[in-house]
Amino acid sequence: MAEREHGHVRVAVIGSGFGGLGAAVRLRRQGITDFVILERAGAVGGTWRDNSYPGCACDVPSHLYSFSFAPHPEWPRNFSGQPHIRAYLERVTDIFGLRPHLRFRSEVRSLRWNGEALHWEVETASGSLTADVVVSATGPLSDPKVPEIPGLDTFPGKVSHSARWDHDYDLRGKRVAMIGTGASAIQIVPAVQPDVQRLTLFQRTPPWVLPRADRRISAAEKWLHTKVPATRAARRGLLWGIREMQVSAFTKRPEQLGLIEFLARNHMKKAVKDPALRAALTPDYRIGCKRILLSNTYYPALAQPNVDVVTAGLAEVRGSTLVGSDGSEVEADAIVFGTGFHVTDLPIAQRVTGAHGTTLAEEWKDGMEALRGATAAGFPNFLTIIGPNTGLGNSSMILMIEAQLNYLADFMRQLDVLGGKIALDARPSAVQDWNRKLQQRMTRTVWSTGGCDSWYLDANGRNSTVWPGTTGEFKKVTRQVDLAEYEVLRPPKPAGSSTGERAEVAV
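An account of the accompanying structure is given in this report. Residues take numbers from 1 onward in each chain, read along the sequence in its written order. Totals for whole chains, interfaces and linings use every residue, but because this is a predicted model, local features are given only for residues with pLDDT of at least 70 and side-chain atom pairs only at 80 or more, for both listing and counting. For the side-chain quantities, the full set of heavy atoms in the structure was used; hydrogens and water were omitted.

### Description of the packing of aromatic side chains
Then, in step 1: The aromatic pairing rule takes the rings of Phe, Tyr and Trp, using the six-membered ring of Trp, and pairs them if the centres are within 6.5 Å, calling planes under 30 degrees apart stacked, those over 60 edge-to-face and the rest tilted. Using the criterion set out here, one finds 16 aromatic pairs in the structure.
Then, in step 2: When the centroid spacing of 6.4 Å and the interplanar angle of 80° are considered together, the rings of Trp447 and Tyr456 count as edge-to-face. As far as burial versus exposure is concerned, Trp447 and Tyr456 are alike and both buried.
Then, in step 3: By the criterion adopted, a ring carries a charge over it if an Arg CZ or a Lys NZ lies within 6 Å of its centre and within 35 degrees of its normal. Taking the ring centre of Tyr169 as reference, the NZ or CZ of Lys174 above it sits at 5.2 Å.
Then, in step 4: Between Arg441 and the ring centre of Trp467, over which it is positioned, the NZ or CZ distance is 5.5 Å. Buried residues are those whose accessible area, probed at 1.4 Å on protein chains only, stays under 20% of the maximum for their type, while exposed residues exceed 50% and partly exposed ones sit between those limits.

### Re empty space enclosed by the protein
Then, in step 1: Whether a set of points on the 1 Å grid over the protein atoms alone is a cavity depends on a 1.4 Å probe fitting there but being unable to get out, while an open set qualifies as a pocket with protein on both sides within 12 Å along at least five of seven lines; lining residues are those with an atom within 4 Å of a point. Grid points are joined across faces, edges and corners, and a volume is the space filled by probe spheres set on the points. Applying the stated rule across the entire model yields four cavities of 30 Å³ or more.
Then, in step 2: Of the pockets and cavities examined, the largest cavity occupies roughly 70 Å³.
Then, in step 3: In terms of lining residues, the largest cavity is bounded by Lys158, Ser160, Trp165, Asp166, Tyr169, Leu171, Ala334, Ile335 and Val336.
Then, in step 4: For helices the rule is a DSSP run of H or I covering at least 4 residues; for strands it is a run of E covering at least 2, with both sets numbered from the N terminus onward. Looking at the lining of the largest cavity, the elements with two or more residues in it are strand 7 (158–161) and strand 16 (334–337).
Then, in step 5: The element contributing the most residues to the lining of the largest cavity is strand 16, with three residues.
Then, in step 6: Lining the second largest cavity we find Val247, Phe250, Thr251, Leu392, Gly393, Asn394, Trp447, Val466, Trp467 and Gly469.
Then, in step 7: Residues were grouped as follows: Ala, Val, Leu, Ile, Met, Phe, Trp, Tyr, Cys and Pro as nonpolar; Asp, Glu, Lys and Arg as charged; and all remaining residues, including Gly, as polar. Of the residues contributing to the lining of the second largest cavity, the split by class is six nonpolar, four polar and no charged.

### Some thoughts on helix 4 (residues 185–192)
Then, in step 1: For helix 4, the tally of buried residues reaches seven of eight residues, placing the bulk of the element in the interior.
Then, in step 2: Looking at helix 4, one finds that the buried residues are Ala185, Ile186, Gln187, Ile188, Val189, Pro190 and Val192.
Then, in step 3: Residue contacts are counted whenever heavy atoms from the two residues lie within 4.5 Å of one another. Looking at the packing, one finds that the buried side of helix 4 touches strand 8 (175–179), strand 9 (198–202), strand 11 (293–294), helix 9 (298–302) and strand 16.

### Comments concerning the packing of helix 1 (residues 18–29) against helix 11 (residues 397–418)
Then, in step 1: Note on geometry: axes are C-alpha line fits, over the in-contact stretch for helices, and angles between N-to-C directions span 0 to 180 degrees. At a minimum axis separation of 10 Å, helix 1 and helix 11 run at an interaxial angle of 40°. Judged by the inter-axis angle, helix 1 sits oblique to helix 11. Considering only the axes of helix 1 and helix 11, their crossing is right-handed. Across from Phe18, Gly19, Gly22, Ala23, Arg26 and Leu27 in helix 1, the residues of helix 11 making contact are Ile398, Ile401, Leu405, Asn406, Leu408, Ala409 and Met412.
Then, in step 2: Considered class by class, the residues forming the contact of helix 1 with helix 11 number nine nonpolar, three polar and one charged. If an angle is under 35 degrees, it is roughly parallel; if it is over 145, roughly antiparallel; if it lies from 65 to 115, roughly perpendicular; otherwise it is oblique. Handedness of a helix crossing follows the sense of rotation of the near helix relative to the far helix, less than a right angle counterclockwise being left-handed and clockwise being right-handed.

### Observations concerning the layout of surface pockets
The rolling of a water-molecule-sized probe over the atoms marks out the regions of remaining empty space.
Then, in step 1: Within this model, the second largest pocket holds a volume of roughly 340 Å³.
Then, in step 2: Counting residues per element, the ones that place at least two in the lining of the second largest pocket are helix 1, helix 6 (229–251), helix 11 and helix 14 (471–477).
Then, in step 3: Considering each element in turn, the lining of the second largest pocket owes the most residues, five residues, to helix 11.
Then, in step 4: Residues belonging to the lining of the second largest pocket are distributed by class as follows: six nonpolar, five polar and five charged.

### Observations regarding the environment of Pro468
Then, in step 1: Turning to its location among the elements, Pro468 is positioned in the loop between helix 13 (446–449) and helix 14.
Then, in step 2: Overall, Pro468 belongs to the buried group, its relative accessible area being 2%.
Then, in step 3: Each C-alpha atom, one on Pro468 and one on Leu111, is 31 Å from the other, the two residues being 357 residues apart in sequence.

### A look at a nonpolar patch on the surface
Then, in step 1: For patch detection, residues must exceed 30% relative accessible area and be free of salt bridges, and they are connected within 9 Å for like charges or within 5 Å for nonpolar side chains (Val, Leu, Ile, Met, Phe, Trp, Tyr). Accessible areas in this description were obtained via Shrake-Rupley with a 1.4 Å probe; residue shielding takes into account the shown protein chains only. Here a salt bridge means any side-chain nitrogen of Lys or Arg lying within 4 Å of a carboxyl oxygen belonging to Asp or Glu. Among the surface-exposed residues, Trp223, Leu224 and Val228 lie close enough to one another that they form a single nonpolar patch of about 280 Å² accessible area.
Then, in step 2: Relative to the elements of secondary structure, Val228 occurs in the loop between helix 5 (219–227) and helix 6.

### Some details on the side chain of Arg49
Then, in step 1: In this structure, Arg49 sits in helix 2 (residues 47–50).
Then, in step 2: Here the side chain of Arg49 touches Ala43 through a polar contact of 2.7 Å, landing on its backbone oxygen.
Then, in step 3: Every residue in contact with Arg49, bar those within four places of it in the chain, is listed here: Ser16, Glu39, Ala41, Ala43, Val44, Gln82 and Arg86. Identification of polar contacts relies on pairs of N or O atoms within 3.5 Å, with a donor-acceptor requirement for protein atoms, meaning one able to donate a hydrogen and the other able to accept it, and with residues adjacent in sequence counted only if both atoms are side-chain atoms.

### Details of the pattern of salt bridges
Then, in step 1: Under the defined criterion, the tally for this structure stands at 29 salt bridges.
Then, in step 2: Residues Asp132 and Lys421 are paired through a salt bridge, measuring 2.7 Å at the closest nitrogen-oxygen approach. On the criterion of sequence distance, the pair formed by Asp132 in strand 6 (residues 127–136) and Lys421 in the loop between helix 11 and strand 19 (423–426) is long-range, its members being 289 residues apart.
Then, in step 3: Accessibility expressed as a relative area gives 32% for Lys421, which makes it partly exposed.
Then, in step 4: Residues Asp433 and Arg436 are paired through a salt bridge, measuring 2.4 Å at the closest nitrogen-oxygen approach. Highlighted residues: Asp433 and Arg436, both in helix 12 (residues 428–442), separated by three residues, approximately one helical turn.
Then, in step 5: Salt bridges sharing common partners tie together Arg10, Asp132, Asp416 and Lys421.

### Section: helix 5
Then, in step 1: Those residues of helix 5 that fall on the buried side of the exposure criterion are Glu221, Lys222 and His225. Buried residues of helix 5, seen end-on, are gathered within an arc of 100° and therefore sit on one face of the element. Exposed and facing more than 90 degrees away from the buried side of helix 5 are Ala219, Ala220, Trp223 and Lys227.
Then, in step 2: In this fold, the buried residues of helix 5 make contact with helix 6. Directions from the helix axis toward the C-beta atoms define the arc.

What follows is the structure in structure tokens.
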């Protein structure tokens, strides 16, 4: 199909997961209807559309893992599965009238700032358009990461990533190798173990696993939450408050996490009777340094006779033989990579060219940095939802998303108040000051002192992923835009200017 011109919009939103749909709802509530949602796939849902592997579910309670402005009293379980979360996002799309704004099969190929016109030039798989403001909501869990394994191309069987599950391929009776021990792996392993001939888990680093307090939500609870909304709000508030009280142990006093380690060891001991296997599954780092996982079925599955645990990473593939970094060899019919995503090297950053002719990836070559997790210097009117240092280790990302939506709403208000053709560009000094303070706080956290190498850290060992505070604090610091942290750009008066006229704002 030939590409076509989509014209000009006030706002272009990239992605239709929680971040993108939330941004669209907030824009409509601000009275802004001149926007599009650019989605590379053919349906909404983001990571909850892409991740449909067996056992896929959320590790945050359902009533906290949903928008405050779109409560759902009919959640079926404490921890809902992928189909229910995806259905919720479809419901949000319909309730808030977002369908007319969606542009499916419109993967963004490039974004380029035009300093004379003060807008973004957007090239997508379905055509081109321009936008005054771009909101990038692609999320950190959208592009799968598969390690470069020598000989992988010689493997004659099925190779897949957890986020690209092939439901047409039947694992029953197969010899399956699971690579990785992250959040996806601990759900896939117990889901497929009963059906496969043999399951081999390649484990470089064992995770800390706690019990999953999951149960079916009763009809009486659903009725009460529907008829008496205050009970639903109270439930959400309790779930939020408990997690807020846990934050100081992660960010200031990691030594307090010892009790949680004891609970995790006891949880393992109940399911794994073999001392040698228990030793292999016991982490040697402080709990919380890597993401804490929840499962009641992972350890029992690993204790089954058709499961082997290789305490090494996958180093090489020789045909159907998989070779571990410890020299062990395993025959397999299928390989499943549960190796995560491009989190600290976001692919979208390679496609965004800012006011100085450099890409966001080039500007972030030494590590991602953004002002209040939202804006980067040299990229006017470009905001990121779930940007650098907005991730969480113990609570719901929806809370962080909603805080960033507040910031987006005030950003749009400021543009309107300033009037005319206008753009806001984060001052380099403001970005540097914000991130210097963040990294100072990071030195005390369990993510820095816990003795592990996690996906929170970038190639330089810098934590550019997690927020070192409470969600309440983040909501406070993103409540409104401080114009002192921005340069105001207006259209250039002399012809030929490439960056626009920068105006100082009196504060």
